[in-house]
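Now for the letters of each chain:
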Amino acid sequence: MLNLITETMLYFGRGAEPSLEPPETDEILADCGHEIYPNEPVYISPSAGTLCEQCVRDRAQDLDAAALAAALGYERSYVL
Ligand SMILES: [Zn+2]
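Residues numbered from 1 in each chain as written. Predicted model: local features only at pLDDT ≥ 70, side-chain atom pairs only at ≥ 80, totals over all residues.

**Details of the overall build of the chain**
Let me state the cut-off plainly: Only DSSP runs of H or I covering at least 4 residues are called helices, and only runs of E covering at least 2 are called strands; the numbering of each starts at the N terminus. The burial criterion counts other C-beta atoms lying within 10 Å of a residue's C-beta, which is placed from the backbone; the residue is buried at 20 or more, exposed at 12 or fewer, and partly exposed between these limits. We call two residues in contact when their backbone-placed C-beta atoms lie within 7 Å.
A count of helices and strands for the chain gives three helices and four strands. Secondary structure of the chain in N-to-C order comes out as α-β-β-β-β-α-α. Counting every position in the chain, which comprises 80 residues, the buried fraction comes to 2%. Restricting to contacts in the chain with at least 6 residues of sequence separation, those with at least 24 account for 0%.

**Overview of the environment of Gly49**
Turning to its location among the elements, Gly49 is positioned in strand S4 (residues 49-51). The class of Gly49 is exposed, set by 11 C-beta atoms lying within 10 Å. The sequence separation of Gly49 and Ala30 amounts to 19 residues, and the corresponding C-alpha distance is 7.9 Å.

**Topic: unusual backbone geometry**
In the Ramachandran plot, Asn39 falls in the positive-phi region, its phi being about 75° despite a non-glycine side chain. On the secondary structure map, Asn39 appears in the loop between strand S2 (35-36) and strand S3 (43-45). C-beta crowding within 10 Å serves as the criterion here: with 6 such atoms nearby, Asn39 is assigned to the exposed category.

Structure follows, in structure tokens:
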């Protein structure tokens, strides 16, 4: 009880309560975990959420040629 009283007195002695929240800004946190700021692109999937531009590029680099071609609307075939 004595500790509680001491902490309360210290609190009131300091004036305004320090904010526990970060400063308010307009950026969003994409589902990939990266911050996206106003006027930067965000890529939205109804099933997978949001990605920043760099993560879209990273994922494109991970695709093999057939998957990338399919994403661009091309179908893989073979010359016989
Ligand atoms: Zn990202």
